[in-house]
Amino acid sequence: MGNNGHEQGPMASASATPALSPRLAQARAFLSPLDPEQVAGVIAARIRESEGLPLPRLSRDERPVDIFVDIVEYGGDEALSTHLREAGARLLARMVEDSAGRNLLPNVASLSELCYLSARIGALDALESLRALSSREDAAVPTPASGEDLRLRALRCMVGLLGSHPDRSDRDRYREVLERCLDVPGYELIALTGLVGLWPGYKEVGRQGRNVDEKLLNTSLAVAGFR
């Protein structure tokens, strides 16, 4: 979003905190009094593009969850950011649990948005849900917005979150799914990024017999936050 969600007039002091844009001010004023469960309801309604929410209207090229990402990045309200992370992870967990053993197609768009949101706002509590989706072969269905399949989206978001905390004590929980995805065409680079980022000694072993360019892998590691 332009101007990082802030308004800066010509007389603004270099040390002054810039005022929020009207768009972010409106969203923050609505969301700040809500508890995480209520925020989760708002996120779900926004993803459904429900009418009547006192949030800024979606622009043509805007994702439904972009307003929540902007609030965390530029809103300057840590308590609200914490609620958004908790709410996003909670909502994703519910949808993943509800879809266990069921066809994912009816919820692909919502699950995709929640994966994206969780990764962008650093919702670490969403890692288990992302791991579960990355493990599901039937999640390899295209998402409406980008065409990227849901399983790959979940894998990419999981690796991104792990990249922000590569020294997690529970990192071994993610090794099996990363190794499984390493053998799925089109997933190799992201899976290897996670494996090498968490276990650097995996680099040469993981590249054996696979057409993964080292420069591309190094770039992917940097983008994921491992370097």
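The text that follows walks through the structure, step by step, so that each part is easy to find.

Thresholds, definitions, all that
- Residues numbered from 1 in each chain as written.
- Predicted model: local features only at pLDDT ≥ 70, side-chain atom pairs only at ≥ 80, totals over all residues.
- Heavy atoms only, no water.
- Phe/Tyr/Trp six-rings, centres within 6.5 Å; stacked < 30°, edge-to-face > 60°.
- Lys NZ or Arg CZ within 6 Å of the ring centre and 35° of its normal.
- Helix = DSSP H or I, 4+ residues; strand = E, 2+ residues; numbered from the N terminus.
- Expected span 1.5 Å × (residues − 1).
- Buried < 20%, exposed > 50% of the residue type's maximum accessible area, 1.4 Å probe, protein only.
- Contact = heavy atoms within 4.5 Å.
- Polar contact = N/O pair within 3.5 Å; in protein donor to acceptor, adjacent residues only side chain to side chain.
- Core = buried A, V, L, I, M, F, W, Y, C linked by side-chain atoms within 4.5 Å.

Our focus in this paragraph is the packing of aromatic side chains. For the structure shown, the criterion picks out zero aromatic pairs. It is Arg-63 that lies over the ring of Tyr-116; its NZ or CZ is 3.8 Å from the centre. Seen from the ring of Trp-199, Arg-175 lies directly overhead, with NZ or CZ sitting 4.8 Å from the centre.

Compared with an ideal rise of 1.5 Å per residue, which puts 12 residues at 16 Å, helix α2 (residues 36–47) spans 16 Å between its outermost C-alpha atoms and is within 8% of the ideal. Within α2, nine of the 12 residues are buried, leaving the element largely enclosed by the surrounding structure. Every buried residue belonging to α2 is among Pro-36, Val-39, Ala-40, Val-42, Ile-43, Ala-44, Ala-45, Arg-46 and Ile-47, and all of these are buried. Of the surrounding secondary structure, the elements contacted by the buried residues of α2 are α1 (22–31), α3 (66–74), α4 (78–98) and α5 (108–121). Where α2 begins, the capping side chain belongs to Asp-35, and its oxygen is found 3.1 Å from the backbone nitrogen of Glu-37.

With that settled, the discussion passes to the environment of Val-39. Structurally, the position occupied by Val-39 is in helix α2. For Val-39, a relative accessible area of 0% corresponds to the buried category.

Moving on to the nonpolar core. If you look at the biggest cluster of nonpolar residues, it comprises 71 residues, and the most contacted ones within it are Ile-43 and Phe-68. If one sorts the elements of this core by residue count, helix α7 (residues 150–164) sits on top with nine residues. If we ignore the near neighbours within four places in the chain, the residues touching Phe-68 are Leu-31, Val-42, Ile-43, Arg-46, Leu-55, Leu-84, Leu-117 and Ile-121.

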